[in-house]
Amino acid sequence: QVQLVESGGGLVQAGGSLTVSCAASGRTFYSMGWFRQAPGKEREFVAAISWIGTRTYYADSVKGRFSISKDNAKNTLYLQMRSLKPEDTAVYYCAARRSFGGGDYATINYDYWGQGTQVTVSS
């Protein structure tokens, strides 16, 4: 059974940095990504990376501040966040995709999801 477990969330002051991780198990994937959801808002795409290779894609709101990476040997996905802003506050979800086709930015294209980890950025 596929399992995605996020960790590393917490409370950070504006301008600070934080890295969240996602440990994956169960199978190999086409790509993996990070999404986030703030209270009362829709889940939105943050970043994605191909599992084989290093193709990456970022939402405009985080370009230049966030960096997605992976460790294939450890089956672990990372999201390095810096210059954090209060608007980055959300539950961050790890997601995995089995097939290619369509954009990595779309939630509908992902097959597996973690439970999320809370990231709170204070002013």
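Structure report, in brief. Note that the structure is a prediction, hence the values are computed from the model and not measured.

## Topic: the state of the cysteines
Then comes step 1: What the rule picks out here adds up to one disulfide.
Then comes step 2: Here C22 engages in a disulfide with C94; their sulfurs sit 2.0 Å apart. The chirality of the disulfide connecting C22 with C94 is left-handed, given an S-S dihedral of about -75 degrees. On the criterion of sequence distance, the pair formed by C22 in strand 3 (residues 18–25) and C94 in strand 9 (residues 90–97) is long-range, its members being 72 residues apart.

## Notes on the side chain of D88
Then comes step 1: Positionally, D88 belongs in the loop between strand 8 (76–81) and strand 9.
Then comes step 2: A polar side-chain atom of D88 sits 2.9 Å from a polar atom in the side chain of R36.
Then comes step 3: Within polar-contact distance, the side chain of D88 engages the backbone nitrogen of K85 at 2.8 Å.
Then comes step 4: With residues near it in sequence (within four places) discarded, D88 still touches R36, R65, F66, S83, V119 and V121.

## Some words on the pairing of strand 1 (residues 3–7)
Then comes step 1: Residues L4 and E6 point to one face of strand 1 and are all buried, whereas Q3, V5 and S7, pointing to the other face, are not buried.
Then comes step 2: Across five bridges, strand 1 lies against strand 3 in antiparallel orientation. Pairing of S7 across the sheet is with S21, part of strand 3.

The rules behind each value
Residues numbered from 1 in each chain as written. Predicted model: local features only at pLDDT ≥ 70, side-chain atom pairs only at ≥ 80, totals over all residues. Heavy atoms only, no water. Disulfide = S-S within 2.5 Å. Helix = DSSP H or I, 4+ residues; strand = E, 2+ residues; numbered from the N terminus. Polar contact = N/O pair within 3.5 Å; in protein donor to acceptor, adjacent residues only side chain to side chain. Contact = heavy atoms within 4.5 Å. Buried < 20%, exposed > 50% of the residue type's maximum accessible area, 1.4 Å probe, protein only. Pairing = 2+ DSSP bridges.

That is the geometry; function is a separate question.
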